[in-house]
Amino acid sequence: MDRREFLKLQAGAALLAAGAASGVLSPGKAFSQANPDIAVVEGAPGAATRASVELLGGMGRFVKKGDRVVIKPNMSFTEGPDSASTTHPEVVSALARMCLESGASSVLVLDNTLFDPESCMKKTGIRDACAEVSGGLVHALSDDAFFQEKKIENGHVLTDALVMKDVLRADKIIAAPVAKSHSGAGVSLSMKGMMGLVLERGIMHRKGLHESIVDLCTIIPAHLAVVDATRVLTSNGPRGPGKVIRPGKVIASADMVAADAYTVASFEWYGKMYKPRQVRHIRMAHEQGLGRMDVENLTVKSLRL
Amino acid sequence: MRAFRRVAQTAFFILFAALLAAGTVLHLAPESQGAFLRLDPSLTAIAALGSRALTVLGLPAALVLLSALVLGRAFCGHVCPMGATEDFLDRAASRSRKGRSLRPGSVRYGILIFLVVAAVFGGLNLSYGISPLSLATRLYAMVLFPALAFLFRLALDLFRPLAQDLGFQSIAFAQVREPFFTTQFFLWALFAALFAAARLTPRFFCRFFCPAGAMLSLLSRKPILGRRVSQDCTRCGKCARSCPMSAIPVAEPGETVFSECILCGTCESLCPAGAVSFGVRAGRGGRVCSTDFSRRGVLAAGLMGAVSAAGLAGASTLLAAPAARPFLLRPPGAMPEDEFLARCARCGQCAAVCPTNTLQPVWTAAGWGGVFSPAVTPDLAFCDPKCTRCGASCPTGAIRPLSPQERIWARIGTAGVDRKRCVAWAGRQACMACDEVCPYDAVRFSRPEGYRFAVPQVAEKSCSGCGACQHACPVRGPAAIRVSSKDALRLSEGSFVEAGRRRGYDLRLVAEKQEDTPAGAVPPEELAPGFDP
């Protein structure tokens, strides 16, 4: 049994379990009836990722045949999964594999890293993990040749941004952040992660970090957000070292604001619990109708593998 | 001889270029390139004299010097990459024939004496302006390498759309590091002038300026191996007229000025009578160029050296005392400033192998005695605490070679926040871009009374001055968090780790700190940074 088969088997088991949990005998039907707004799966990173997307209705709901997909993990630091400052490689590779299975014509894993691109791709383990799915998926782009100016029509503080051309060309964007605290933005999750697709970020800090994050998400919203909370850096993020907890969970949603809001509400931050509205960019995104932060009114399906 | 020399010269040039390319493009073994530079007798000797330190680093140059007793100036003709460059340009350039009669004169001895006096009496290393391997390294690493990278990038940008369509991901997403050096336009001009002079006479630099050649000449008066002329010589003088070094007296083509001869073999291949050969010479000595030395010339050059050294040293200290240069950051492991400048050959090797391109040659930022010496420039990039390349590549030990652990503790300065300009302090906005990137976790946050968002503070004992914060700071011209040379560790010997610990520093990288972090909770009455009430 190779890795792929194993994961499929695990996902299959997850489906059955989910079906049983929801009291419906036919698992396929259960999902077609009503996809939850948020799916939370506890388990090994790769399997939990797959199961969480399946709970939402499967990758086929998001990625159609021939789609060009960009996956945006956090691979900004030259540190691996233990630091909890970068996305677990198996979360990223599971997403890439599912996209290809759904018939994506191209899958790219992109980030404009804070540190040396080569070291980041290597040390996070993301390039190696994705190489098992298909070659040439992972790129840390920082050369301005890869970026293009994009107007932000209704921006509050930003009028434009230099965004990766491949992102602007993509049919679907999948956010795959690691869950962590951020001393400026409160948390660094799906929405904050979109900054990694931009060339010049200094202006976003000058014009207002939270406002800029929301403006950016109006032009490049994720169609699917999969938050890697297998480890959570609850303090001293985004780089650490800080307190790392290991909930072993993956949180997925078609609504990136909801995914972020649920993540905020689920874990401690610096030793205390917070409401999603206490994170300014989440609150602003909610108020602007980009997504919903009222997780108490959303349907959540949880599963433990 | 001529064929052998072509092969040898080409092979050594390829070795030089390959080591340089390995160090700069492929980021491999910077040590080996430094070793090649150490072959330069003038670069090594002047650094040793200036710093009054004779180390094992001088061994390769000493061997080259001693080789002159046996082989004469074979180094110049067969090994030196600067000579190879000149020969190549000579072949490429057309030249009026009469230029060949230009006499080398004693200029280069004057330069050598000047350098020695400045080093001995002024503790100054001025060899950087003129040492052949320092010049050659700068020519290839700081002028041609950036130019090639620029062209390569243009080509890449051109082919990218096609590669993308064809699915060649590695080309479609290839990124070229385009190095930039602050003094490269000056170097363009310098080399343009130097090579324009190649139109006047072959090996213009080699014959008129090269102090390494002058040193070798001194030991090349009666080499064991050298040019031999048999009885078959018809005294036609063809060899004398063709000699690129004017090493054959026209009146007596049977003689050889060994202090000039670089064993190129031109005479041997041209001789119609087949009278010239190279090999072990039978007893009789050669000739020295009569104008090589005059007492007056030696005294004049020495005096000039002494006056210049005194002038430079005086001007250097008067114009900008060390205290007046708070933002001059030397590479990690750089010796104490005086010793650093005395040793530094300004070859640019450290800057060329620097993976982040933060190392830049300075103009007068380090005083007039420090022109072209390297400095860390965080505005361009940070100095990676995991990188030991500059020290490894340094041919003179001006930057000490460090182990990875020593490097982490080789503090180059201290970051400080300008609260009047900081986005968080003055603008009262969420930012903390500096905290995000700090490899030492030395940027701490707090939320003083009345501030809605966290503001940064530097934990000075944990800061190494790498400049990641300064580079990331969104405030420009200048950044609101800036590294000064405060508390830089500049040791000529001993351990940086021990010295740092003695001073109470705690210079550990984030990864090493992971285990011993406290629970990471803020006091109950405070909010986590970045959160709203």
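**Q** Mind showing me how you'd approach the overall build of chain B here?
**A** If you tally the helices and strands in chain B, you get 23 helices and eight strands. Counting all 533 residues of chain B, 51% fall into the buried class. Of the contacts formed within chain B by residues at least 6 apart in sequence, a portion of 76% connects residues at least 24 apart.

**Q** Please explain the overall build of chain A as it appears in this structure.
**A** Per the secondary structure count, chain A includes 12 helices and 13 strands. The burial tally for chain A puts 62% of its 305 residues in the buried class. Taking the contacts inside chain A whose residues are at least 6 apart along the sequence as the reference set, 72% of them involve residues at least 24 apart.

**Q** I'm lost on the packing of helix α3 (residues 41–51) of chain B against helix α7 (residues 107–122) of chain B in this one. Help?
**A** Two quantities define a packed helix pair, namely the angle between the helix axes and the distance between the axes. All names here are of chain B. Two elements in contact, α3 and α7, have axes separated by 7 Å at closest approach and are oriented at 25°. Relative to α7, the element α3 lies roughly parallel. Counted together, Ser42, Ile46, Leu49 and Gly50 of α3 and Leu115, Val116, Ala119 and Val120 of α7 form the full contact between these two elements. Residue composition of the contact of α3 with α7, by class: six nonpolar, two polar and no charged.

**Q** Would you take a moment to explain the interface of chain B and chain A for this structure?
**A** The accessible area lost on association of the parts is a frequent measure of interface size. Residue-level contacts link 33 residues of chain B with 40 residues of chain A. Those elements that place two or more of their residues in the side of chain B that touches chain A are α9 (169–172), α20 (433–437) and α23 (510–513) of chain B. Looking at side-chain class alone, the side of chain B that touches chain A contains 19 nonpolar, eight polar and six charged residues.

**Q** Just checking my understanding: could you explain unusual backbone geometry for this structure?
**A** Excluding glycine, residues mostly have negative phi values, and the peptide bonds linking residues are mostly trans. Note the cis peptide between Gly237(A) and Pro238(A), where omega equals 10°. Considering the arrangement of structural elements, one finds Pro238(A) in the loop between β10 (224–233) and β11 (244–245). Positive phi, close to 55°, is recorded for Arg428(B), a residue that is not glycine. You can see Arg428(B) is positioned in the loop between β5 (414–417) and α20.

**Q** Just to check I follow, could you spell out helix α1 (residues 2–24) of chain B for this structure?
**A** Residues separated by three or four positions in an α-helix point in the same direction, a consequence of the helix having 3.6 residues per turn. Residues and elements named next belong to chain B. Compared with the 33 Å implied by 1.5 Å per residue over 23 residues, the 32 Å span of α1 between its first and last C-alpha is a close match. Those residues of α1 lying buried are Arg5, Gln9, Phe13, Phe16, Leu19, Leu20, Gly23 and Thr24. Buried residues belonging to α1 abut α2 (30–37), α5 (74–79), α6 (81–92), α8 (132–166), α17 (349–353) and α18 (389–393).

**Q** For this particular structure, what's the right way to read the environment of Ser220(B)?
**A** For Ser220(B), the position within the fold is in the loop between α12 (211–219) and β1 (225–229). Discounting residues that sit within four places of it in the chain, Ser220(B) has contacts with Ala68(B), Gly72(B), Arg73(B), Phe258(B) and Ser259(B).

**Q** Help me understand the nonpolar core in this model?
**A** Across soluble globular proteins, you tend to see nonpolar side chains buried next to one another. Counting 252 residues, the largest nonpolar core has Leu95(A) and Val226(A) as the members making the most contacts within it. Residue contributions to this core peak at 10 residues, all from α7(B). Leave out the neighbours within four places in its chain, and Leu95(A) touches Thr49(A), Ile71(A), Ile174(A), Ala176(A) and Val226(A).

Conventions we followed
Think of each chain on its own: its residues are numbered from 1, step by step along the sequence as written. Chain A is the first chain written and ligand 1 is the first ligand written, with later ones labelled in order. Residues qualify for local features only when their pLDDT is at least 70, as the model is predicted, and side-chain atom pairs are given and counted only at 80 or more; totals for whole chains, interfaces and linings, by contrast, use all residues. Per the convention used, a helix needs a DSSP run of H or I reaching at least four residues, while a strand needs a run of E reaching at least two, with both numbered from the N terminus. Put simply, a residue is buried when 20 or more other C-beta atoms lie within 10 Å of its own C-beta and exposed when 12 or fewer do; between those, it is partly exposed, and each C-beta is set from the backbone. Once C-beta atoms have been placed from the backbone, residue pairs whose C-beta atoms lie within 7 Å are recorded as contacts. Note on method: axes are straight lines fitted to C-alpha atoms, helices fitted across the in-contact stretch only, with angles between N-to-C directions ranging 0 to 180 degrees. Our angle categories are set so that under 35 degrees counts as roughly parallel, over 145 as roughly antiparallel, 65 to 115 as roughly perpendicular, and the remainder as oblique. Each residue is assigned to one of three groups, with Ala, Val, Leu, Ile, Met, Phe, Trp, Tyr, Cys and Pro labelled nonpolar, Asp, Glu, Lys and Arg labelled charged, and all others, Gly among them, labelled polar. Expected helix span is computed as 1.5 Å times (number of residues minus one). Only buried Ala, Val, Leu, Ile, Met, Phe, Trp, Tyr and Cys residues enter a nonpolar core, and they are joined through C-beta atoms within 7 Å.

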